[in-house]
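An overview of the molecular structure
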Amino acid sequence: MIITILAILPMIPLLNMVLEGGKENLDMLYHISGEFAIRWMTAVLTCTPFFILFGINNLFVRQAMGIATAVWSFLHFIIFIVAEGFMETFTQVNYIAGFIAVLILIPLFFTSNRKSMKRLKVKWKKLQSFAYAAIFLSLLHVAILEKTWLIYAIIVGVGFIIRLPIIKDQFISRRQNRKSTN
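All of these numbers come straight from a predicted model, not from anything done at the bench. (Residues numbered from 1 in each chain as written. Predicted model: local features only at pLDDT ≥ 70, side-chain atom pairs only at ≥ 80, totals over all residues. Heavy atoms only, no water.)

On to the overall build of the protein chain. Each helix and strand counted, the protein chain has 11 helices and 0 strands in total. When the helices and strands of the protein chain are listed from N to C terminus, the series reads α-α-α-α-α-α-α-α-α-α-α. Here the C-alpha coordinates of the protein chain stretch approximately 60 × 30 × 30 Å along the principal axes. Pairs at least 24 residues apart make up 69% of the contacts formed inside the protein chain by residues separated by at least 6 positions. Accessible surface, the protein chain: about 11200 Å² in total, of which carbon and sulfur atoms supply 71%. Taking the 18 positively charged and 8 negatively charged side chains of the protein chain as two groups, their mean positions are separated by 27 Å. (Helix = DSSP H or I, 4+ residues; strand = E, 2+ residues; numbered from the N terminus. Contact = heavy atoms within 4.5 Å. Areas by Shrake-Rupley, 256 points an atom, 1.4 Å probe, with all protein chains shown as cover. Lys, Arg positive; Asp, Glu negative; His and termini not counted. Charge placed at Lys NZ, Arg CZ, Asp CG, Glu CD.)

With that settled, consider the packing of aromatic side chains. According to the stated counting rule, one finds 12 aromatic pairs in the structure shown. With a centroid separation of 5.5 Å and 80° between ring planes, the pair formed by Phe74 and Phe109 is classed as edge-to-face. Of the two residues, Phe74 sits in helix H5 (residues 59-84) while Phe109 sits in helix H6 (residues 93-110), which places them 35 residues apart along the sequence. Relative to Phe90, the ring of Phe86 has its centre 5.3 Å away and its plane inclined at 80°; by these criteria the two rings are edge-to-face. (Phe/Tyr/Trp six-rings, centres within 6.5 Å; stacked < 30°, edge-to-face > 60°.)

One can describe the packing of helix H9 (residues 131-144) onto helix H10 (residues 150-163) by two numbers: an axis separation of 11 Å at closest approach and a directional angle of 150°. Here H10 runs roughly antiparallel to H9, going by the angle between their axes. Like other packed secondary-structure pairs, H9 and H10 cross with a definite hand, here left-handed. Contacts between H9 and H10 involve Tyr132, Ile135 and Leu139 from the first element and Tyr152, Ala153, Val156, Phe160 and Arg163 from the second. Looking at the contact of H9 with H10 residue by residue, the classes come out as 7 nonpolar, no polar and 1 charged. (Axes fitted to C-alpha atoms, helices over the stretch in contact; angles between N-to-C directions. Parallel < 35°, antiparallel > 145°, perpendicular 65-115°, else oblique. Left-handed = near helix turned anticlockwise from the far one by under 90°. Nonpolar A, V, L, I, M, F, W, Y, C, P; charged D, E, K, R; others polar.)

Structural data, given as structure tokens:
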């Protein structure tokens, strides 16, 4: 519930911009929506490193964050299409990268629920691993646009380093040793 509220709250001022209309507001809307999309995507990908470091895992939170990522990404793409037109999507490498990232998020969005997990079993986790490709393409999209991408790349990069088996095993072992001594 908290994740849903956090994901929706920034949309309230955006609605005012939509009602006011105008090209400047439209441009601002798709920049803001893109910023929130990459923020949520980065946050989702920190869930596993967070678990490795602290032992805290909540699938419902992760799913809600993934849904927020997809919603903000879809919103960003829709606003872009309204502002620039669909065919503009194919005019630059950064737009194509962003478009492919959005396409990847579609099946992830529709399978981010318990029913899909049960139905797809092992394949569900494989499908959800495409989020890594989506973040790579999103970072490429933002980097080519020369926006604030470095902080997201650093956070995601540190997260991937923490996931490396040799590092992950050390953190988990240290955490479990601390628990057993308490």
